[in-house]
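The primary structure of each chain is shown beneath.
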Amino acid sequence: MNQRVLKLRLYPEDYHLPILNQHIGHNRFVYNECIKLNKKLYEETGKIKSRYELSSYIKQLKDTDKPWLKEVNAQSLQTTILNYSRAMDRYLQYLKQISKGKKPKLKAGEPKIKRKNIVGAGSFRTPQHGKLIIDDTNPKYKSSIKLPKIKKPIKVHYHRMLPSDAIIGAMTITKDNVGDWWVSIEYKTNEPYKVIKTGNGVIGIDVGVANYYTTSDGKVVKNPKFFEEEVNEISKLNRLISKKRSNKVGTKKLQLKQNKLYIKIHNKTMDFIHKETNKLIRENQSISIESLSVSDLLIISDHNLSRRIQYSNLSMFLNILKYKAQWSGTELRTVDKFFASSKICSNCGNKDDTITLKDRTYNCKHCGHSIDRDLNAAINIRDHSQPIK
């Protein structure tokens, strides 16, 4: 069965808000308590408590000093402990590889204390017993979800229907940085991903900054630059916030305004990415991409270029394209991340190491072929790609 996630907007009533905030706060407390306990133990002995030892410790707290922890779903607290244990294990594994002189495949930071922000943003997860109640008369606007420890169902905007054979699993409730509530419903289904193919193209894609991506058939999509549209407003808010005291009401209003601006940029970016990836999947049967490591691209001296790469969300674009290709049965191919797609002539195969970022046209010194730099790279990616194993 295929495992997928459906994210829906929640509209809790006044009755629900204290309970939901309580769940987020209690889970935040448990996470921070695990950090404090293990940090002290690691400094003294060089060892940490396992997930099961932490669970026993939290259970003791419930029975002694912190009886109010019983007010929320116990399974959500256990999930928080599990999340912390996994994060700590990854961090210790990272340190172990560093100490042996090896280069870790993934960077992992030390788990940090979670702090309550101006709207009390956070999340909690219910591994089971969550229910989706669909209203047959008006499923979109009258449906709701039922969660453990919360008596009344919570209204949900059910804008996208689950498959008829869907088996619902865990639910994650999230409060974002502007105070909006969301639920992510994990489910399993045998129903295939529905996509209406409008073409059978075989293309290569070169992603960039000025042009978001260029395809080997000559299509160019400009970078929408959503962050750069709002950068002046963000800078202005940063200056105003830095001049005020952190506990002032006016400061909190400015921070909330800034959070809304970031959410707006994120929503516009994700809308753009989903529309473009859907278009690519519908129009093509085989897509070749670069094995791009955006983290490596950010380690460059040009601060402005680094920021533009970061806010282009290229990693997100490629990741979404990958899973949609897998779901739809579209072949996805790739080239090695060290493959010099921009320096090789797509006509004769000659490599020119003198090409720089400033050269927007590739002029081959061997065969005289002249072509746009990004289009040349896209053709090379298409012609030299290999199936993903």
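Predicted model, so just to flag it, every value in this text is computed and none were measured. (Residues numbered from 1 in each chain as written. Predicted model: local features only at pLDDT ≥ 70, side-chain atom pairs only at ≥ 80, totals over all residues. Heavy atoms only, no water.)

**Focus on the overall build of the protein**
- Counting its regular elements, the protein contains ten helices and 15 strands.
- By principal-axis analysis of the C-alpha atoms, the protein measures approximately 80 × 60 × 45 Å.
- Per-residue burial for the protein yields a buried fraction of 39% across its 389 residues.
- Counted over contacts in the protein with a minimum sequence separation of 6, partners at least 24 positions apart contribute 67%. (Helix = DSSP H or I, 4+ residues; strand = E, 2+ residues; numbered from the N terminus. Buried < 20%, exposed > 50% of the residue type's maximum accessible area, 1.4 Å probe, protein only. Contact = heavy atoms within 4.5 Å.)

**Let's talk about unusual backbone geometry**
- Here the phi dihedral of His129 falls at roughly 75°; this positive angle occurs in a residue that is not glycine.
- Looking at the element boundaries, His129 is found in the loop between β2 (122-126) and β3 (131-133).
- Non-glycine residue Lys225 carries a positive phi angle of around 55°.
- Within the fold, Lys225 resides in the loop between β10 (220-222) and α5 (226-242).

**Remarks on the packing of aromatic side chains**
- Following the criterion strictly, the structure yields eight aromatic pairs and no others.
- Taking the centre distance of 5.8 Å and the plane angle of 90° together, the rings of Tyr31 and Tyr84 count as edge-to-face. Here Tyr31 is found in helix α1 (residues 16-45), whereas its partner Tyr84 is found in helix α3 (residues 74-99), with 53 residues between them in sequence.
- Exposure remark for Tyr84: the relative accessible area of 2% places this residue in the buried category.
- Arranged with centres 5.1 Å apart and planes meeting at 90°, the rings of Tyr212 and Phe272 form a pair that is edge-to-face. A residue pair is termed long-range when its members are at least 10 positions apart, and Tyr212 in strand β9 (residues 211-215) and Phe272 in helix α6 (residues 249-283) qualify at 60 residues.
- You can call Phe272 buried: its relative accessible area is 14%.
- Cluster of aromatic residues (ring-pair linked, three or more members): Tyr212, Tyr213, Phe226, Phe272 and Phe317.
- Between Lys7 and the ring centre of Trp182, over which it is positioned, the NZ or CZ distance is 5.1 Å. (Phe/Tyr/Trp six-rings, centres within 6.5 Å; stacked < 30°, edge-to-face > 60°. Lys NZ or Arg CZ within 6 Å of the ring centre and 35° of its normal.)

**A short note on the sheet that holds strand β15 (residues 386-387)**
- Reading across from one edge, β10-β9-β8-β11-β12-β15 is the order of the six strands in this open sheet, with mixed pairing throughout. Whereas interior strands pair on both sides, the edge strands pair on one side only; in this sheet they are β10 and β15.
- Contacts between α6 and the sheet are confined to β8 (201-207), β9, β10 and β11 (284-290), with β11 contributing the most and set at about 125° to the helix. (Pairing = 2+ DSSP bridges. Axes fitted to C-alpha atoms, helices over the stretch in contact; angles between N-to-C directions.)

**What to know about the nonpolar core**
- The biggest cluster of nonpolar side chains holds 29 residues, and the ones touching the most others in it are Ile205, Tyr212, Tyr213, Leu280, Ile287 and Phe317.
- Ranked by residue count, the leading element in this core is α6, at eight residues.
- If we skip the residues at most four places from it in the chain, Tyr213 touches Ile205, Asp206, Val207, Lys219, Val220, Val221, Glu276, Leu280 and Phe317.
- If you look at the next biggest cluster of nonpolar residues, it comprises 21 residues, including Val156, Ile173, Val183 and Tyr187. (Core = buried A, V, L, I, M, F, W, Y, C linked by side-chain atoms within 4.5 Å.)

**A word on the sheet that holds strand β6 (residues 167-175)**
- Taken in spatial order, the seven strands make up an open sheet running β2-β6-β7-β1-β5-β4-β3, and their pairing is antiparallel. With one partner strand each, in any of the chains shown, β2 and β3 form the two edges of the open sheet. Each strand of the sheet is rotated relative to its neighbour by a mean of 35°, with strand direction disregarded.
- Across three bridges, the pairing between strand β1 (residues 2-11) and strand β5 (residues 154-157) is antiparallel. Pairing of Leu10 across the sheet is with Val156, part of β5.

**Focus on the packing of α6 against helix α9 (residues 314-328)**
- Relative to each other, α6 and α9 sit at 40°, their axes nearing to 10 Å. One finds that α6 runs oblique with respect to α9. Viewed along their axes, α6 and α9 form a crossing whose handedness is right-handed. Taken together, the residues of α9 that come into contact with α6 (itself represented by Met270, Ile273, His274, Glu276, Thr277, Asn278, Leu280 and Ile281) are Met316, Phe317, Ile320, Leu321, Tyr323, Lys324, Ala325 and Ser328.
- Here the residues of the contact of α6 with α9 are counted per class, giving ten nonpolar, four polar and two charged. (Parallel < 35°, antiparallel > 145°, perpendicular 65-115°, else oblique. Left-handed = near helix turned anticlockwise from the far one by under 90°. Nonpolar A, V, L, I, M, F, W, Y, C, P; charged D, E, K, R; others polar.)

**So, the pairing of β1**
- Judged from the nine bridges that link them, β1 and strand β7 (residues 181-189) form a sheet pairing that is antiparallel. Within β7, the residue paired with Leu10 across the bridge is Trp181.

**Observations concerning α3**
- With 26 residues, α3 extends 38 Å between its outermost C-alpha atoms, agreeing within 8% with the 38 Å of an ideal straight helix rising 1.5 Å per residue.
- Of the positions making up α3, those classed as buried are Ser76, Leu77, Thr79, Thr80, Ile81, Leu82, Tyr84, Ser85, Ala87, Met88 and Tyr91.
- Contact partners of the buried residues in α3: α1, α2 (51-63) and β2. (Expected span 1.5 Å × (residues − 1).)

**Re the side chain of Lys324**
- Looking at the secondary structure, you find Lys324 in helix α9.
- Asp271 provides the closest opposite charge to the buried, unpaired Lys324, separated from it by 9.7 Å.
- In this structure Lys324 touches Tyr193, His274, Thr277, Asn278 and Ile281, once residues within four positions along its chain are discounted. (Lys, Arg positive; Asp, Glu negative; His and termini not counted. Salt bridge = Lys/Arg side-chain N within 4 Å of Asp/Glu carboxyl O.)

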